[in-house]
Amino acid sequence: MLFCPGAATSRRLGFGAEAVEAFGVRLISLDRPGLGASDPAPGRTLSDWAADVAEFTGLARLRRPAAVGFSQGAPFALACAAAGAVGAVAVVSGTDELARPEVAAALPEQVRWLVTSAADGPEEAEAYFAQLDAERLLLMVTAMSGPDDRAVYEDPAFAAPFRRALAEGFAQGSAGYARDTLLSMTPWPFDPAAITVPVEFWYGGLDTSPVHSPDFGESLAARIPHARRHLLAHAGGALPWTHGERILVSLLRLSGVLPPPDP
């Protein structure tokens, strides 16, 4: 199973450790270019990432893995699905295609301004995003979080590995994060309607992040044939660390590894 983590976090931030062990899952996370230990790739696209994943799985002699895309990692997981590099996808608290007009219209004013800026001047927007560092991003994530998510991010057991993952993500500077953010705010180079592998969407009704899906994935799920959407009304956006086992088990069933639940 391939984990595409959120903004600027390195490959070391996993989730669902107990479920991973219990079900014999091999959870793999790759640093996107410019993050962690991965070489920068200026000008890269979402399609380039899908090609990287396809090459990696081929060299590693893996069957097509399932993929989990969290937050800013969602477009990268869906790009892999569109390219046929993965066999199933779970989008968890995912960023929608923010540049799509009907999505942009529903965004908070400041985020909509960023999306417009990315379209009008991508180089300037990328330079603007590059002003952030690990500490500023941590403060931004915490400030955008509601009480339920803030409790997760401020829990000492999670806060320490999260800080380490951010520090590793920015170890080479901010260019990797800036490129990821530009890609998340500009049109996707693939049509979600063309995705043929099974896709699940997971959102928490108490998620207050303005850069996730403004309608909790409803319109995006409707664009993908046979997609299933789960809205957990009393949960926040930190679902990998509050509902990780449920997400993993559901994805294993979707992939045919586990049998469906009893009727």
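Enquirer: Explanation requested: the overall build of the protein in the structure shown.
Expert: The helix and strand inventory of the protein stands at 13 helices and six strands. Here the protein has a C-alpha radius of gyration of 17 Å; the compact-globule value for 263 residues is 18 Å, and the two agree. By its C-alpha atoms, the protein is 50 × 35 × 35 Å across when sized along the principal axes. Taking all 263 residues of the protein together, 51% fall into the buried category. Pairs at least 24 apart in sequence give 74% of the contacts found in the protein among residues at least 6 apart.

Enquirer: Explain the pattern of salt bridges to me, please; I cannot follow it from the model alone.
Expert: Pairing is possible between side chains that carry opposite charge, provided their charged atoms lie close to one another. Considering all chains together, one arrives at nine salt bridges under this definition. R32 serves as the salt-bridge partner of D180, at 2.8 Å between the closest nitrogen and oxygen. One end of the pair, D180, is in helix α10 (residues 175-185); the other, R32, is in the loop between β2 (28-29) and α2 (46-59), and 148 residues separate them in sequence. With a relative accessible area of 0%, D180 lands in the buried category. Connected via shared salt-bridge partners are R32, R44 and D180.

Enquirer: Where do I start with helix α3 (residues 74-82) in this structure?
Expert: Within an α-helix, residues lying three or four positions from one another point in the same direction, as the helix has 3.6 residues per turn. Along α3, eight of the nine residues are buried, which leaves the element largely enclosed by surrounding structure. Those residues of α3 that fall on the buried side of the exposure criterion are A74, P75, F76, A77, L78, A79, C80 and A81.

Enquirer: Can you walk me through the layout of surface pockets in this structure?
Expert: Leftover empty space is mapped by rolling, across the atoms, a probe with the size of a water molecule. Approximately 700 Å³ is the volume attributed to the largest pocket. Every residue lining the largest pocket is counted, 37 residues in all, and those nearest its centre are L137, M140, M144, Y177 and V211. At the level of elements, α5 (109-120), α6 (122-129), α7 (134-144), α8 (147-154), α9 (156-169) and α10 are the ones that each hand at least two residues to the lining of the largest pocket. Of the residues in the lining of the largest pocket, the class split is 23 nonpolar, 12 polar and two charged. Within this model, the second largest pocket holds a volume of roughly 440 Å³. Every residue lining the second largest pocket is counted, 16 residues in all, and those nearest its centre are M1, R63, P65, A66 and V257. Taken together, the residues of the lining of the second largest pocket break down into 10 nonpolar, three polar and three charged.

Enquirer: Explanation requested: empty space enclosed by the protein in the structure shown.
Expert: Taken as a whole, this structure holds one cavity of 30 Å³ or more when the rule is applied. Of the voids in this model, the largest cavity is the one considered here, and its volume is about 40 Å³. As for the largest cavity, its lining consists of M1, L2, I28, V53, F56, T57, L62 and P65. Classifying every residue of the lining of the largest cavity gives seven nonpolar, one polar and no charged.

Enquirer: Can you help me understand the nonpolar core in this one?
Expert: By size, the foremost hydrophobic cluster in this structure holds 48 residues, and its most contacted members are M1, V68, V92 and F129. For M1, the contacting residues outside a window of four places in its chain are V25, R26, L27, I28, P65, A66, V68, L248, L251 and L252. With 31 residues, the next largest nonpolar core counts A74, F201, Y203 and A221 among its residues.

Enquirer: I tried to follow the environment of T196 on my own but got confused; where do I start?
Expert: Turning to its location among the elements, T196 is positioned in the loop between α10 and β5 (199-204). The exposure class of T196 is exposed, given its relative accessible area of 71%.

Enquirer: I would appreciate a short explanation of α9 in the present structure.
Expert: Compared with the 20 Å implied by 1.5 Å per residue over 14 residues, the 20 Å span of α9 between its first and last C-alpha is a close match. Against α7, α8 and α12 (239-242) lie the buried residues of α9.

Enquirer: What is the right way to read the packing of α2 against α3 from this model?
Expert: Pairs of packed helices are described in terms of their axes, by the angle between the two and the distance that separates them. Put simply, α2 and α3 touch, their axes get as near as 8 Å, and they point 65° apart. Crossing geometry of α2 relative to α3 is assigned as right-handed. In this structure, α2 contributes L46, W49, A50 and V53 to the contact, and α3 contributes P75, F76, A79 and C80. Residue composition of the contact of α2 with α3, by class: eight nonpolar, no polar and no charged.

Enquirer: Looking at this structure, how should I read the packing of aromatic side chains?
Expert: The geometry of an aromatic ring pair is captured by the separation of the ring centres together with the interplanar angle, meaning the angle of the planes. All told, the structure shown has 12 aromatic pairs when counted by the stated rule. A ring pair is formed by Y153 and F158, whose centres lie 5.8 Å apart and whose planes are at 55°; its orientation type is tilted. You can call Y153 buried: its relative accessible area is 12%. Taking the relative accessible area as the measure of exposure, F158 reaches 10% and is therefore buried. Arranged with centres 6.5 Å apart and planes meeting at 65°, the rings of Y203 and F216 form a pair that is edge-to-face. Placement of the pair is Y203 in strand β5 and F216 in the loop between β5 and α11 (218-223), with a sequence separation of 13 residues. The exposure class assigned to Y203 is buried, which follows from its relative accessible area of 0%. Every member of this aromatic cluster is reached through a ring pair, and the members are F70, Y153, F158, F162 and W241. Sitting over the face of the ring of F76, R32 holds its NZ or CZ atom 4.4 Å from the ring centroid.

Parameters at a glance
Residues numbered from 1 in each chain as written. Predicted model: local features only at pLDDT ≥ 70, side-chain atom pairs only at ≥ 80, totals over all residues. Heavy atoms only, no water. Helix = DSSP H or I, 4+ residues; strand = E, 2+ residues; numbered from the N terminus. Rg over C-alpha atoms; globule rule 2.2 N^0.38 Å. Buried < 20%, exposed > 50% of the residue type's maximum accessible area, 1.4 Å probe, protein only. Contact = heavy atoms within 4.5 Å. Salt bridge = Lys/Arg side-chain N within 4 Å of Asp/Glu carboxyl O. 1 Å grid on protein atoms, 1.4 Å probe; cavity = no way out; pocket = protein on both sides within 12 Å on 5 of 7 lines; lining within 4 Å. Points joined across faces, edges and corners; volume = space filled by probe spheres on them. Nonpolar A, V, L, I, M, F, W, Y, C, P; charged D, E, K, R; others polar. Core = buried A, V, L, I, M, F, W, Y, C linked by side-chain atoms within 4.5 Å. Expected span 1.5 Å × (residues − 1). Axes fitted to C-alpha atoms, helices over the stretch in contact; angles between N-to-C directions. Left-handed = near helix turned anticlockwise from the far one by under 90°. Phe/Tyr/Trp six-rings, centres within 6.5 Å; stacked < 30°, edge-to-face > 60°. Lys NZ or Arg CZ within 6 Å of the ring centre and 35° of its normal.

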